[in-house]
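Here's the letter readout for the chains.
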Amino acid sequence: MRRLTLLAALLLCAPGALRGQSVCPTPWRLEEVLRIGSFESTDLVASVLDLAIGPDSALYVAQAMVPAVTVFSLDGQVLRRIGRAGQGPGDIELAARAVGWVGDTLWIADFSRVQLFTTDERRPEQIIQFSRSVPEEGSLLTPGRMLADGTLVGRRRITDGGAFSSRGEDPGLALRRFSRSGEVLDTIATIEWPGNGIENEVDARLFPGTHPLRDLPPLGLGEYLTAVTPDGSAVVRIGKVHDDAMPPTFDLLVISIRGDTLLQRSVEYERREVTRAMERRLEEEYAGWRAGDYYPSGLQLTETTLERRRRAARRVFWVPEYLPPVRQVVAGTDGTIWLLREMREDRVDVWEVYDSGGTLEGTVEIGQGRTSAVPWDPRLAVAVASRDEVWGATYGDFGIPYIHRYLVDRTCAT
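Residues numbered from 1 in each chain as written. Predicted model: local features only at pLDDT ≥ 70, side-chain atom pairs only at ≥ 80, totals over all residues. Heavy atoms only, no water.

A. Just the pattern of salt bridges, in detail. Per the counting criterion, the structure on display carries 34 salt bridges. Of the charged contacts in the structure, one is a salt bridge between Glu 303 and Arg 310, with a shortest N-O distance of 2.8 Å. (Salt bridge = Lys/Arg side-chain N within 4 Å of Asp/Glu carboxyl O.)

Written out as structure tokens, the structure is:
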């Protein structure tokens, strides 16, 4: 097994804390103890969309284009598959997008619904299906993820790319809580909206692209800088970023699903400008993505059309003055909060690990791996994390998907 050495760069970030206080400087290390997937295997055949560890200590995995949830033992053996292609009870439409547990209830979300299973994995106890249009956002909300009290948060699907990307000074996007019948119960939180759309000049049928520095997470809730805790009792998110403050800060928040603020911590950070070199690199990568350069089959268009798309993408590409201080949020199973920090010139991913009170415990650096063909995506799609173990997904050569399990070594050598 490989042993990845991960640098622990430690800094107390909360105002009021002693700036000289330190944590053990010994690097945290991840020991890879399991890798699922291979060129010969049919167990993992497509990209991982979600995974969860059940009360039976098994791993439940949702994959793109796979109308089932694959259940693995923690040593990587396939135990069974739940679901089959179709739209009836117990069927999975297109693919299982998300999966999880609330108590003894397994929930599986597919294209437009969530099914609840308690005693029989072939027959759902309940099927939840609704659709709520939000014209002012240019989006549609369908059942997304189950919460601890049996309610749901919606999955936001873009229906009008122009409306979604040109929200101007809008205060944000509402994270709504729904009853099982589809009634809006309340708003858990308002997600800060960074204006992350890049307009499209070539083809009106194409939605605006998401900015590489403000992309959505590859796994999880699918909302900007927001995650649901594994038990479904709260959301963890980054609030306002005060990049013009002295010193600059961002708000780290934990909010219960009833809307109560459980944690609000102002975290200091070092403001980093987007360099001209990074701007040029991201511009070329974004133009290539628009032309389909990163996909094996491309977009099956003439080279003239593809080059026109590249030029148009370069014309409209922009960068913020400063790098967003946080790129992704993962809620740990033990109350920890994992933040993927600024993009670096060397493309090393820096994850900071905070405790439940918002105090920084350590920083993990990951410099290898990829989660998609898109070069600005994270090295590792972190799905389940704690102080003791990390589960994540990557792609290998020839587009082979992998699931990795790491044990965390936090030994402090003095």
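B. Molecular detail of the pairing of strand β12 (residues 139-146). In terms of burial, β12 is a largely internal element, eight of the eight residues being buried. When strand β11 (residues 132-134) meets β12, the two strands line up antiparallel, connected through three bridges. Across the sheet, Ser 133 pairs through a bridge with Leu 140, a residue of β12. Between the antiparallel neighbours β11 and β12 lie four residues, among them Gly 138 with a positive phi of about 70 degrees. Pairing of β12 with strand β13 (residues 152-158) involves seven bridges; the strand directions are antiparallel. Bridge pairing in β13 places Ser 139 opposite Ile 158. In sequence, β12 turns back onto β13 through a hairpin of five residues, with Gly 150 there showing a positive phi of about 90 degrees. (Buried < 20%, exposed > 50% of the residue type's maximum accessible area, 1.4 Å probe, protein only. Helix = DSSP H or I, 4+ residues; strand = E, 2+ residues; numbered from the N terminus. Pairing = 2+ DSSP bridges.)

C. Summary view of the packing of helix α2 (residues 276-290) against helix α3 (residues 303-316). In the contact formed by α2 and α3, the axes pass within 8 Å of each other and the chain directions differ by 140 degrees. Of the possible angle classes, the one that applies to α2 and α3 is oblique. Here α2 and α3 pass one another in a crossing that is right-handed. Contact residues: Glu 283, Glu 284, Tyr 286, Ala 287 and Arg 290 in α2; Arg 309, Arg 310, Ala 313 and Arg 314 in α3. (Axes fitted to C-alpha atoms, helices over the stretch in contact; angles between N-to-C directions. Parallel < 35°, antiparallel > 145°, perpendicular 65-115°, else oblique. Left-handed = near helix turned anticlockwise from the far one by under 90°. Contact = heavy atoms within 4.5 Å.)

D. Local environment of the confidence of the model for the protein chain. Residues with a pLDDT of 70 or more make up 88% of the protein chain, whose mean pLDDT is 87. Mean pLDDT across the secondary structure elements of the protein chain bottoms out at strand β1 (residues 3-5), with 38, and peaks at strand β20 (residues 249-256), with 98. Below a pLDDT of 50 lies the segment residues 1-21, which in the model reaches 62 contacts outside its immediate sequence neighbourhood of four places, other chains included. (pLDDT = per-residue confidence, 0-100.)

E. Fine view of the environment of Leu 360. Its location among the elements puts Leu 360 in strand β25 (residues 360-366). For the pair formed by Leu 360 and Trp 338, sequence separation is 22 residues and the distance between their alpha carbons is 9.7 Å.

F. Examining the sheet that holds strand β5 (residues 69-72) more closely. Taken in spatial order, the four strands of this open sheet run β3-β4-β5-β6, and their pairing is antiparallel. Every other strand in the sheet has two partners, leaving β3 (48-53) and β6 (78-82) as the edge strands with one partner each. Neighbouring strand axes in the sheet, compared pairwise and without regard to direction, differ in orientation by 20 degrees on average. Pairing of strand β4 (residues 59-63) with β5 involves four bridges; the strand directions are antiparallel. In the strand pairing of β5, Leu 59 is matched with Phe 72.

G. Summary view of the packing of aromatic side chains. Counted by the stated rule, this structure contains seven aromatic pairs. Each ring, one from Tyr 60 and one from Trp 101, has its centre 5.4 Å from the other, and the planes form 75 degrees; the classification is edge-to-face. Here Tyr 60 is found in strand β4, whereas its partner Trp 101 is found in strand β7 (residues 98-102), with 41 residues between them in sequence. Ring plane angle 35 degrees and centroid distance 5.6 Å describe the contact between Tyr 286 and Phe 317, whose orientation is recorded as tilted. Residue Tyr 286 is located in helix α2, and its partner Phe 317 is located in the loop between α3 and β22 (326-331); the two are separated by 31 residues in the primary sequence. We note that Tyr 286, like Phe 317, is buried. (Phe/Tyr/Trp six-rings, centres within 6.5 Å; stacked < 30°, edge-to-face > 60°.)

H. Highlighting the environment of Ser 256. Mapping Ser 256 onto the fold places it in strand β20. Residue class for Ser 256 comes out buried when judged on its relative accessible area of 10%. Placed 20 residues apart in sequence, Ser 256 and Val 236 show a C-alpha to C-alpha distance of 8.8 Å. Once residues lying within four places of it in the same chain are set aside, the contact partners of Ser 256 are Ile 188, Ser 233, Ala 234 and Leu 262.

I. Main features of the sheet that holds β11. Read across the open sheet, the five strands follow the order β11-β12-β13-β14-β15; overall the sheet is antiparallel. Among the strands making up the open sheet, the edge pair consists of β11 and β15 (184-191). Adjacent strand axes in the sheet meet at a mean angle of 40 degrees, parallel and antiparallel pairs treated alike. Summarising the sheet, strand β14 (residues 173-178) and β15 pair through six bridges and their orientation is antiparallel. The partner of Leu 175 across the bridge, within β15, is Ala 189.

J. Local environment of the pairing of β20. In terms of burial, β20 is largely enclosed, as eight of its eight residues are buried. Burial along β20 is two-sided: Thr 249, Asp 251, Leu 253 and Ile 255 facing one way and Phe 250, Leu 252, Val 254 and Ser 256 facing the other are all buried. Examined bridge by bridge, strand β19 (residues 234-242) and β20 share seven bridges and lie antiparallel to one another. Bridge pairing in β20 places Val 236 opposite Val 254.

K. A look at unusual backbone geometry. Residue Met 246 is joined to Pro 247 through a cis peptide bond whose omega torsion reads 0 degrees. Mapped onto the elements of the fold, Pro 247 is located in the loop between β19 and β20. Of note in this structure, Ser 57 is not a glycine but carries a positive phi near 65 degrees. Topologically, Ser 57 is positioned in the loop between β3 and β4.

L. Representation of the side chain of Ser 386 in the model. Of note, Ser 386 is situated in the loop between β26 (381-385) and β27 (389-395). Assessed through its relative accessible area of 6%, Ser 386 is described here as buried. Here Asp 388 takes part through its backbone nitrogen, which lies 3.1 Å from a polar atom of the side chain of Ser 386. The contacts of Ser 386, once residues within four sequence positions are left out, are Thr 333, Asp 334, Thr 336, Trp 338 and Val 408. (Polar contact = N/O pair within 3.5 Å; in protein donor to acceptor, adjacent residues only side chain to side chain.)

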